[in-house]
Amino acid sequence: MTEPTTWETFTLERPEPGIAVVTLNRPERMNSMTNTMFVELEKVALQLDREDDLRVVILTGAGKAFCGGFDLDDADGLSSLTALGMLDQQELAARALSAIRNIRVPVIAAVNGAAAGGGLSLSLAADIRIGSPAARFNAAFVRIGLSAGDLGASWHLTRLIGPARAAEFAYTGRLIDAVEAESIGLLNTIVPAESLLDEALAMARLICANSPGGVQLSKRALHANMEVSSYAAALELENRGQALLTRGEDMPEALAAFKEKRSPKFTGR
Ligand SMILES: CCCCCCCCCCCCC[C@H](O)CC(=O)SCCNC(=O)CCNC(=O)[C@H](O)C(C)(C)COP(=O)(O)OP(=O)(O)OC[C@H]1O[C@@H](n2cnc3c(N)ncnc32)[C@H](O)[C@@H]1OP(=O)(O)O
């Protein structure tokens, strides 16, 4: 395990090869979001995306919340924003969450507490969400005069939990607890609070044991399939990905390992 690097709004740790853990670190403010956090999250996401040896990113929060959304104490400075200024502000935030969503390796959100507003949007930027029993979600936007059309939340919710549940969630702004979140697919699974990070690491290790190219092109295909309009277009994307992988070193290594009844040694080349 290398030494953690401390940014102003989060810490970055590397518990073992191939795994990076980003922990939002403003627990006194429920890890709520500020412009500094957006700038730092975009920077670290772009940095991680360039690391050839990286296989999985885990995103979690320090203290009792995952992320309370935009820092409403910080919002005062924004209340005088013109619409154009607000557009710039929203685009700054959207760039950060887009950078996290588009990291080429899987991102696991270990939801340790409340994910409210932009915190919900942030959890949705991850590919997988595992939660402690304290995990709670709300589209708090409508309670403070904003919309659930926020940082990808409306895009993900309609695809993840279905349009009707997304509508109820978005329009009521009510809290959804971990049990309900798991039942509607907002959480992949619930684990005891004390083992949340260990469970996220265990899932990350499973992913690390697989072909990096296979995993990363699987992520690319799953993301692309949320965009393509037809089954035929999806097949075209999938076919190209598989063809690319068969030209790499990992598939022959996997086949050889299978025959020799040993674990494959993937290189990602
Ligand atoms: C008037 C509108 C201005 C909005 C300006 C927005 C500017 C534009 C920014 C664009 C880009 C970002 C867009 C972003 O995605 C938009 C949003 O995120 S909007 C939603 C903002 N978040 C919320 O509304 C959530 C509010 N909080 C809660 O719902 C609950 O606190 C919780 C997170 C569900 C946790 O509930 P509890 O566990 O019961 O804890 P408490 O409620 O008691 O809170 C404890 C403590 O934390 C403080 N706190 C909680 N959330 C925030 C927050 N978001 N910002 C600042 N502080 C927060 C809370 O005040 C308590 O403090 P204490 O009283 O103990 O000092």
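Preceding this paragraph is the structure being described.
Here goes a summary of the coordinates provided. Residue indices begin from 1 for each chain and proceed along its sequence in written order. Per-residue local features of the predicted model are confined to residues with pLDDT of at least 70, and side-chain atom pairs are confined, for both listing and counting, to 80 or more; whole-chain, interface and lining totals are unaffected and use all residues. For side-chain calculations, the full set of non-hydrogen atoms in the structure is used, while hydrogens and water are omitted.

With respect to the helices, strands and loops of the structure, Lys219 is situated in helix H8 (residues 212–224). Summary of the burial criterion: residues with accessible area below 20% of their type's maximum are buried, those above 50% are exposed, and those between are partly exposed, where the area comes from a 1.4 Å probe applied to protein chains only. The buried category is assigned to Lys219, whose relative accessible area is 7%. The definition of a polar contact used here is a pair of N or O atoms within 3.5 Å, where within protein one atom must be able to donate a hydrogen and the other to accept one, and adjacent residues in sequence count solely through side-chain atom pairs. Polar contacts involving the side chain of Lys219 include one to the main-chain carbonyl oxygen of Val105, which spans 2.9 Å. Throughout, a residue-residue contact means that at least one pair of heavy atoms, one from each residue, lies within 4.5 Å. Excluding anything up to four places from it in sequence, Lys219 contacts Arg101, Ile103, Arg104, Val105, Pro106, Val107 and Asp127. Each helix is a run of H or I in the DSSP string that is no shorter than four residues. Each strand is a run of E no shorter than two, and both are numbered from the N terminus.

Okay, the packing of aromatic side chains next. Under the pairing criterion, centres of Phe, Tyr and Trp rings, with the six-membered ring standing for Trp, must be within 6.5 Å; the plane angle then separates stacked pairs below 30 degrees from edge-to-face pairs above 60, leaving the rest tilted. Tallied over the full model, the rule gives two aromatic pairs. Where Trp7 meets Phe10, the ring centres are 5.0 Å apart and the plane angle is 25°; that geometry is what we call stacked. Assigned by exposure class, Trp7 and Phe10 land together as buried. Aromatic side chains Phe38 and Phe70 sit 6.2 Å apart centroid to centroid with 20° between the ring planes, which places their arrangement in the stacked category. Residue Phe38 is found in helix H1 (residues 35–49), and its partner Phe70 is found in the loop between strand S5 (65–67) and helix H2 (83–101); the two are separated by 32 residues along the sequence.

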